[in-house]
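# Structural overview for review
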Amino acid sequence: MALNKLVAGNWKMHGLSADLAEIKAIADASRQYPSVDVALCVPAILIERASRAVPGFAIGGQDVHEAEKGAHTGCTSAEMLLDAGASLTIVGHSERRDAQRESDAEVKAKAAAGLLRGLAVILCVGESLDVREAGDAIATVTAQLDGSLPDDVGAATLAIAYEPIWAIGTGKVPTTDEIAEMHAAIRAKLGERHGKAGAIRILYGGSVKASNAQEIFGVPDVDGALVGGASLKATDFMPIVAAAAATG
Ligand code: 13P
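Reference entry: report on the structure contained in this document. In every chain, residue numbers begin from 1 and rise along the written sequence. In keeping with the model being predicted, local features are shown solely for residues with a pLDDT of at least 70 and side-chain atom pairs are shown and tallied solely at 80 or more, while totals for entire chains, interfaces and linings include all residues. As a convention, hydrogens and water are excluded, and side-chain values are obtained from all of the structure's heavy atoms.

## Quick word on the overall build of the protein chain
What counts is decided by this rule: Starting at the N terminus, helices and strands are each numbered in turn, a helix being any DSSP run of H or I of at least four residues and a strand any DSSP run of E of at least two. This radius of gyration counts C-alpha atoms alone. The globule rule is 2.2 Å times how many residues there are, raised to the power 0.38. Under the scheme applied here, a residue whose accessible area is under 20% of the maximum for its type counts as buried, over 50% as exposed, and between as partly exposed, the area being computed with a 1.4 Å probe on protein chains only. Note on definitions: a residue-residue contact is assigned when non-hydrogen atoms from the two residues lie within 4.5 Å. Only the protein chains shown count as cover for residues, and all accessible areas are computed by the Shrake-Rupley method using a 1.4 Å probe. Counted as positive: Lys and Arg. Counted as negative: Asp and Glu. His and the chain ends are not counted at all. To locate a charge, the coordinates of NZ of Lys, CZ of Arg, CG of Asp or CD of Glu are taken.
For the protein chain, the helix and strand inventory stands at 10 helices and eight strands. A globule of 248 residues ought to have a C-alpha radius of gyration of about 18 Å, and the protein chain, at 17 Å, matches this closely. Considered along the principal axes of its C-alpha atoms, the protein chain spans approximately 45 × 45 × 35 Å. Each of the 248 residues in the protein chain was classed as buried or not, and the buried ones make up 49%. A separation threshold of at least 6 residues defines the contact pool for the protein chain, and within that pool the share at least 24 residues apart is 74%. Surface exposure of the protein chain reaches about 10,900 Å², of which carbon and sulfur atoms provide 53%. When the 22 positive and 31 negative side-chain charges of the protein chain are each reduced to one mean point, those points stand 5 Å apart.

Right, here's the structure in full:
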């Protein structure tokens, strides 16, 4: 059976109390699309208010610490995310790999901790423009995935988000052939590491908008999207969800 497409918004460092109305608008409108799994990953401090505002709608974090608890100033554990009402989290976003210098090994530990404690996890990978132009995108991303992927995913809910760094917030998008080639390589790596690769959704992320969503969702092995800027407003985000529903 085909998996539902997953369309997740990554709000990054956006979102105040006043934006709860937008979250509610997205959650309400998403009910029209039962064949699509829709989620919003919001700043940690907004998770509890967002979860209370939209019961039953998937609210997620944007990062999780690998430890259960302890002396980790400023960090958030999986238990804290769950306690606040989150059901999922992003790990390994390129903005964290870059600004927080997160290594593949750290991302792997974070993904494993999230899955173990019952969060669904969206694990991000993606290459820089230099790597793409040097012709090393596939080798780099599959190596990054190999280093970041937990050893035991069991029955847990894991998705991989392929986000080319040069496509994030730039309006640039790889060709559909480039997306298809990368997603197939990711699928092959998942198969090599885990028998049930078919159950792991592979999302595309980077400048997804209403205008390109349908084309992207039509690419083989694209099981959804991780959306940044266009997830902040229901009017921008819902056409992307509708496109996911239309491409089944
Ligand atoms: P944009 O959709 O704004 O390009 O961001 C993509 C992204 O980084 C989602 O995690």
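## A few points about the sheet that holds strand β1 (residues 5-10)
Where strands meet in a sheet, backbone hydrogen bonds hold them as pairs that are either parallel or antiparallel. Stated formally: When DSSP finds at least two bridges between two strands, those strands are taken to pair. With axes taken as lines fitted to C-alpha atoms, and helix axes fitted only over the stretch in contact, angles between N-to-C directions fall between 0 and 180 degrees.
Judged by pairing direction, the barrel is parallel, and its eight strands sit side by side in the order β1-β2-β3-β4-β5-β6-β7-β8 before closing back on the first. Sheet twist, expressed as the average angle between the axes of neighbouring strands with direction ignored, equals 25 degrees. The sheet contact formed by strand β5 (residues 120-125) and strand β6 (residues 158-162) spans five bridges and is parallel. Counterpart to C124 in the pairing with β6 is A161. Across the sheet, helix α5 (residues 104-116) lies against β4 (88-91), β5 and β6, angled at about 165 degrees from β5, the strand it touches most.

## What about the side chain of D223?
So the rule is basically this: Any N or O atom pair separated by 3.5 Å or less is treated as a polar contact, with the protein-specific requirement of one donor-capable and one acceptor-capable atom, and with residues adjacent in sequence counted only for side-chain atom pairs.
Positionally, D223 belongs in the loop between α9 (210-217) and β8 (224-227). Judged by its relative accessible area of 16%, D223 falls in the buried class. Looking at D223, its side chain comes within polar contact range of the side chain of R187, at 2.8 Å. Aside from chain neighbours lying at most four places away, what touches D223 is N4, K5, L6, R187, I200, R201, I202 and L203.

## A word on empty space enclosed by the protein
To keep things clear, this is the line we draw: In this analysis a 1.4 Å probe is tested at points of a 1 Å grid over the protein atoms alone, and where it fits but cannot get out there is a cavity; an open set with protein on both sides within 12 Å along at least five of seven lines is a pocket; lining residues have an atom within 4 Å of a point. Grid points are joined across faces, edges and corners, and a volume is the space filled by probe spheres set on the points. Charged residues are taken to be Asp, Glu, Lys and Arg, nonpolar residues to be Ala, Val, Leu, Ile, Met, Phe, Trp, Tyr, Cys and Pro, and polar residues to be all remaining types, Gly included.
In the structure shown here, the tally under the stated rule is one cavity of 30 Å³ or more. One number sums up the size of the largest cavity: a volume of about 30 Å³. Elements that contribute at least two residues to the lining of the largest cavity include exactly α4 (94-99) and β5. Split into classes, the residues belonging to the lining of the largest cavity amount to two nonpolar, five polar and two charged.

## Brief notes about the site of the ligand
Short version of the rule: Being near a molecule or strand, for a residue, means having at least one of its heavy atoms within 4 Å of it.
Neighbouring residues of the ligand: 13 residues in total, closest K12, H93, G169, S207 and G228. For the ligand, whose unbound accessible area comes to 310 Å², protein coverage reaches 94%. Split by residue class, the shell around the ligand holds four nonpolar, seven polar and two charged.

## A closer look at the packing of α9 against helix α10 (residues 234-246)
Operational definition: Small angles under 35 degrees read as roughly parallel and large ones over 145 as roughly antiparallel, with 65 to 115 read as roughly perpendicular and the rest as oblique. The sense of a crossing depends on the near helix, which, turned anticlockwise from the far helix by less than a right angle, makes the crossing left-handed and, turned clockwise, makes it right-handed.
At their nearest, the axes of α9 and α10 sit 9 Å apart, and the two run at 20 degrees to each other. It follows that α9 is roughly parallel to α10 by the angle criterion. Along this stretch, α9 crosses α10, giving a crossing that reads as right-handed. Taken together, the residues of α10 that come into contact with α9 (itself represented by A210, A213, Q214 and F217) are P239, I240, A243, A244 and A246.

## A word on the packing of aromatic side chains
Stated formally: In summary, the pairing rule links any two rings of Phe, Tyr or Trp, Trp by its six-membered ring, whose centres are within 6.5 Å, and it sorts them by plane angle into stacked for under 30 degrees, edge-to-face for over 60 and tilted for everything else.
Summed over the entire model, instances satisfying the criterion amount to one aromatic pair. Consider the rings of Y162 and Y204, whose centres lie 6.2 Å apart with planes at 65 degrees: the pair is edge-to-face. Linking Y162 in strand β6 with Y204 in strand β7 (residues 201-205), this pair joins segments that are 42 residues apart in sequence. Both residues of the pair, Y162 and Y204, count as buried.

These results come straight from atomic positions and should not be treated as a statement about function.
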